[in-house]
Amino acid sequence: METKEKNDKSKSTLEILPPELIQRILLRVPVRHLARLRCVSKLWCSLISDPNFAEFHFHHSSASTNSCFFIKYSSMVHFVYFDDNDASQKEMCPPFNNEPLPNFAVLGSCRGIIVLHRHPHSFVVWNPLTGFSKRISYSHLLPSRKYHGIRLPSLHGFGYDASQDDYLLLVAWNHWERQYNLDCLSLRTNSWINLDAALSKPLGVFDRFSCGLFLNGAIHWLSFALTTYKDAILIFDMKERTFSMMSAPEQLVMISCNFSGLALLGGCLALYYQNLHSCNTDIWVMKEYKVHSSWNLYQIPCKDFQPLCLSSNGDIIGRGCSWATVTVHTESLLPLPSDVEDKKKEEGGNRYVTILLCFAPSYSCWFSLHCD
């Protein structure tokens, strides 16, 4: 009897708690700490590595981890985390960084997956938290182009098609005569689709290396020159594979707009620009998607400001503009669909990932404005 009681007391908490309760506890843990917790036990590794848990944690966890990142020295990725109490930082080497003269550029981020362009003719798909990465060459697309000197797509966007459980990378190649060729990469099938026929009319003028914003199952781009509020935003529907246009607020004073862009603030589409008349940064937020009357104006008393996201209490978090392109990133443990299918074919073996944290001095100045 005494031996049994002694054995019961020696049992760890991991053995006493049911897996369902452990899973509920893990849902409250910030995702960037979950990767390390997989090393605690085989049970924890199994729970955290489950794609269903990763999906549920991404959508329902109250401890979501938001950050922004930018490429530093063309070969290092610098992350800044947004936290109500602290803004920690780290640097990481992108995958495939061991080859001579690596040169990376950011193409987008969606659901924890980052897509980078790597010189000369390849894309890198990467989840920094899980360590998953793959490289995809697009050199076979270039011989058919009239101008072969282009190294980067002139227009690009990255997003998720929930109807097919697929990530799509859309790239547009611009010729000297300002005509575009559009190609779409499916990460589920690892195949390319030409979308030239999806355009009912030629694209407008966009900024060189223009990055699209993913929202509500669609990718959005803002025209380079805001000469009119009508049809200022180009939209690509991920499910239907079709293009459409959206108008900006008609209150825009076109001659005063400078350095404009799109942002995602609290799940809402936002258009921002430098107001040359007032020396402010004007931020128009569309409270209801595709409802033109729902545009609301917020003004930042700073001419050089890039809005990034909203804090938990509704403040606009942003940074002073600089030459570095900053991309907002929400961390996750989500795998690519093709990665899940490959793992099902593997037998046994748990993969443990070690994340190297390197802290660097603060790079940006930050500003916040409360939104009601």
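Residues numbered from 1 in each chain as written. Predicted model: local features only at pLDDT ≥ 70, side-chain atom pairs only at ≥ 80, totals over all residues. Heavy atoms only, no water.

1. With respect to the overall build of the protein
So, step 1. On a plain count of helices and strands, the protein comes out with seven helices and 24 strands.
So, step 2. A burial count over the protein gives 49% of its 372 residues as buried.
So, step 3. Within the protein, residue pairs in contact and separated by at least 24 positions form 50% of the contacts whose partners lie at least 6 positions apart.
So, step 4. Put simply, the protein shows about 19300 Å² of open surface, and 52% of that area lies on carbon and sulfur atoms. (Helix = DSSP H or I, 4+ residues; strand = E, 2+ residues; numbered from the N terminus. Buried < 20%, exposed > 50% of the residue type's maximum accessible area, 1.4 Å probe, protein only. Contact = heavy atoms within 4.5 Å. Areas by Shrake-Rupley, 256 points an atom, 1.4 Å probe, with all protein chains shown as cover.)

2. With respect to the pairing of strand S10 (residues 180–186)
So, step 1. Of all seven residues in S10, seven are buried, a share of seventy percent or more.
So, step 2. A two-sided burial pattern is seen for S10, the buried positions comprising Tyr180, Leu182, Cys184 and Ser186 on one face and Asn181, Asp183 and Leu185 on the other.
So, step 3. The pairing of S10 with strand S11 (residues 191–194) spans four bridges and is antiparallel. Paired with aspartate 183 across the bridge in S11 is asparagine 194.
So, step 4. In this structure, the hairpin formed by S10 and S11 is closed by a connection of four residues, where asparagine 190 is found at a positive phi of approximately 55 degrees. (Pairing = 2+ DSSP bridges.)

3. Notes on the pattern of salt bridges
Side chains that carry opposite charge are capable of pairing whenever their charged atoms lie near each other.
So, step 1. Applying the stated criterion to the full structure yields three salt bridges.
So, step 2. Arginine 111 is the salt-bridge partner of glutamate 55, the closest N and O atoms lying 3.1 Å from each other. Residue glutamate 55 is found in helix H6 (residues 51–60), and its partner arginine 111 is found in the loop between strand S4 (104–110) and strand S5 (113–118); the two are separated by 56 residues along the sequence.
So, step 3. Of the charged contacts, one joins aspartate 161 and arginine 241 as a salt bridge, the two residues approaching to 3.3 Å between their closest N and O atoms. Pair noted here: aspartate 161 is in strand S8 (residues 155–161) and arginine 241 is in the loop between strand S15 (233–237) and strand S16 (242–246), with a separation of 80 residues, a long-range link.
So, step 4. A relative accessible area of 3% means that aspartate 161 is categorised as buried.
So, step 5. By relative accessible area, which is 22% here, arginine 241 ends up partly exposed. (Salt bridge = Lys/Arg side-chain N within 4 Å of Asp/Glu carboxyl O.)

4. Quick look at the nonpolar core
So, step 1. Leu26, Leu34, Phe123, Phe158, Tyr167, Leu169 and Leu187 are the most contacted members of the largest nonpolar core, which totals 35 residues.
So, step 2. The element contributing the most residues to this core is strand S9 (residues 166–174), with four residues. (Core = buried A, V, L, I, M, F, W, Y, C linked by side-chain atoms within 4.5 Å.)

5. With respect to the sheet that holds strand S6 (residues 122–126)
So, step 1. Taken in spatial order, the four strands make up an open sheet running S4-S5-S6-S7, and their pairing is antiparallel. Two strands in the sheet have a free side with no partner beyond their single neighbour: S4 and strand S7 (133–137). Direction aside, the axes of adjacent strands within the sheet are offset by 20 degrees on average.
So, step 2. Note: S5 against S6, five bridges, orientation antiparallel. (Axes fitted to C-alpha atoms, helices over the stretch in contact; angles between N-to-C directions.)

6. A few points about the packing of helix H3 (residues 19–26) against helix H5 (residues 42–49)
So, step 1. One way to put it is that H3 packs onto H5 with a least axis distance of 11 Å and a crossing angle of 60 degrees. Here H5 runs oblique to H3, going by the angle between their axes. H5 is crossed by H3, and the crossing has right-handed handedness. Across the interface between the two elements, Pro19, Ile22, Gln23 and Leu26 from H3 touch Leu43, Trp44, Leu47 and Ile48 from H5. (Parallel < 35°, antiparallel > 145°, perpendicular 65-115°, else oblique. Left-handed = near helix turned anticlockwise from the far one by under 90°.)

Purely spatial values, then, with no claim about function.
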